[in-house]
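Next come the chains, spelled out residue by residue.
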Amino acid sequence: IRDPYAIYARHVLKLRPLDPLGAAADARDRGEVLHLAVERFVKETMEGWPGRAAAGPLFDRIAAEAVSASVGAPAQALAWEMRLARLRDWFLGEEEARRAEGRPTALEASGVLEFVTKGGDFTLRGRADRVDALEDGALAIYDYKSGATPSKEQARIFQKQLPLLALIAEHAGLEGAPRAAARKLAYISLSGAGEGGKTVEIEPEADALARLVALIEAFETDRPYIPRAYPEESGFASDYDHLSRFGEWSDKVARDAPPGAPEPER
């Protein structure tokens, strides 16, 4: 939705940027360490919540192991340790509340949903960070974020990952989880900021499949894969700007447009 041309370049042309040589650890590496620590903690407590007194030392041990297993430089490892320490109490409090509603049943749960559009067969694949079975038989699907979570309005328009995972869970099933409707969808920030993190719940979308099919069929017919349709930041630079020649034609549009004219169709 934000950058259709990037989807075209990555998934139709099969072009992916190379990682720079000797690149330092980045946000992706940090996210992997945070995900690993939380995932291991949940995995070791799937059979039952150990209580806050035992949960704290267990979290500390797992966090230390996750950091030591990383390839970050000493300074980066220290920063990750500090972030996990700031996250610890908030996460354990939130986790205790989640366990009161249900129990974790699957981690890194993959699923596939196949359906038909006007253009032919289409396959939707997804992977959920975590799926909980709730007391009423429904599911809760959680997605961990190493940084900030989207607002509810951003999630409604742009962040379709959780509604699409819910679609797979209900109609085809996610690996390791019972096939059921998802009643609860939430992003969990592991940022270590503020109280330690943040949870943003979003509403399931009853019309998710119809909207997905409509979007697919629009691109199958007459909608172009324009670059940077709705960028989150104006300074955002795509890996594929040189292929779309975004700088060239966007500058020309700006030069040719009369003062006060609305932005033309691209």
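Each remark here, short or long, concerns the structure printed above.
A brief look at the structure comes next. Since we're looking at a predicted model, the values are computed, not measured.

Cut-offs and rules
- Residues numbered from 1 in each chain as written.
- Predicted model: local features only at pLDDT ≥ 70, side-chain atom pairs only at ≥ 80, totals over all residues.
- Heavy atoms only, no water.
- Helix = DSSP H or I, 4+ residues; strand = E, 2+ residues; numbered from the N terminus.
- Buried < 20%, exposed > 50% of the residue type's maximum accessible area, 1.4 Å probe, protein only.
- Contact = heavy atoms within 4.5 Å.
- Areas by Shrake-Rupley, 256 points an atom, 1.4 Å probe, with all protein chains shown as cover.
- Salt bridge = Lys/Arg side-chain N within 4 Å of Asp/Glu carboxyl O.
- Polar contact = N/O pair within 3.5 Å; in protein donor to acceptor, adjacent residues only side chain to side chain.
- Patch = residues over 30% accessible without salt bridge, like charges linked within 9 Å, V, L, I, M, F, W, Y side chains within 5 Å.
- Phe/Tyr/Trp six-rings, centres within 6.5 Å; stacked < 30°, edge-to-face > 60°.
- Pairing = 2+ DSSP bridges.

Quick look at the overall build of the protein chain now. Across its full length, the protein chain holds 9 helices and 5 strands. Secondary structure elements in the protein chain, listed N-terminal to C-terminal, are α-α-α-α-β-β-β-α-α-β-β-α-α-α. Here the protein chain, with 266 residues, has 39% of them falling under the buried criterion. For the protein chain, contacts bridging at least 24 residues in sequence account for 69% of all contacts bridging at least 6. For the protein chain, the exposed area adds up to about 15300 Å²; of that, 53% sits on carbon and sulfur atoms.

In this section: unusual backbone geometry. Even without a glycine there, the phi angle at Arg 228 is positive, about 50 degrees. Even without being glycine, Arg 245 reaches a positive phi, approximately 55 degrees. Along the polypeptide, Arg 245 turns up in the loop between α8 (241-244) and α9 (246-256).

So, on to the pattern of salt bridges. All chains considered together, the criterion is met by 19 salt bridges. Arg 61 serves as the salt-bridge partner of Glu 44, at 2.9 Å between the closest nitrogen and oxygen. With Glu 44 in helix α2 (residues 27-44) and Arg 61 in helix α3 (residues 52-68), this pair connects stretches of sequence that are 17 residues apart. Look at Arg 61 and you get partly exposed, because its relative accessible area is 37%. The partner of Glu 205 in a salt bridge is Lys 160, and the shortest N-O contact between them spans 2.9 Å. Here Glu 205, found in the loop between β5 (198-202) and α7 (208-221), pairs with Lys 160, found in the loop between α5 (152-157) and α6 (161-171); they are 45 residues apart in sequence, far enough to count as distant.

Before going further, it helps to examine the side chain of Thr 45. Here Thr 45 shows up in the loop between α2 and α3. In this structure Thr 45 comes out as buried when scored by relative accessible area, which is 2%. Separated by 2.7 Å, the side chains of Thr 45 and Arg 99 make a polar contact.

Before going further, it helps to examine a nonpolar patch on the surface. Among the surface-exposed residues, Val 12, Leu 13, Leu 15 and Leu 243 lie close enough to one another that they form a single nonpolar patch of about 310 Å² accessible area. Among the secondary structure elements, Leu 15 is positioned in the loop between α1 (4-12) and α2.

Turning our attention to the environment of Arg 179. Tracing the sequence through the fold places Arg 179 in the loop between α6 and β4 (182-189). For the pair Arg 179 and Leu 139, spaced 40 residues apart in the sequence, the C-alpha separation amounts to 8.8 Å. Excluding residues within four positions of it along the chain, Arg 179 makes contact with Ala 169, Glu 170, His 171, Ala 172 and Gly 173. At a separation of 3.2 Å, a polar atom in the side chain of Arg 179 contacts the main-chain carbonyl oxygen of Glu 170. In terms of polar contacts, Arg 179 uses its side chain to reach the backbone carbonyl oxygen of His 171, at 3.0 Å.

For the rest of this paragraph, the subject is α1. Of all the positions in α1, only Pro 4, Tyr 5, Ala 6 and Ala 9 are classed as buried. Just downstream of α1, Lys 14 is the residue with a positive phi angle, here 60 degrees.

A few words on the packing of aromatic side chains. Scanning the entire structure with this criterion turns up 9 aromatic pairs. Arranged with centres 5.8 Å apart and planes meeting at 65 degrees, the rings of Phe 41 and Phe 59 form a pair that is edge-to-face. Here Phe 41 is found in helix α2, whereas its partner Phe 59 is found in helix α3, with 18 residues between them in sequence. Exposure remark for Phe 41: the relative accessible area of 0% places this residue in the buried category. Take Phe 59: its relative accessible area is 2%, and that puts it in the buried class. Through pairs of rings, three or more aromatic residues link up here, namely Tyr 5, Tyr 8, Phe 219 and Tyr 225.

With that settled, consider the pairing of strand β2 (residues 120-134). Strand direction decides the pairing type here: strand β1 (residues 102-117) and β2, joined by 14 bridges, are antiparallel. Note that in β2 the partner of Gly 102 across the bridge is Leu 134. The antiparallel pairing of β1 with β2 creates a hairpin that spans 2 residues between the two strands.

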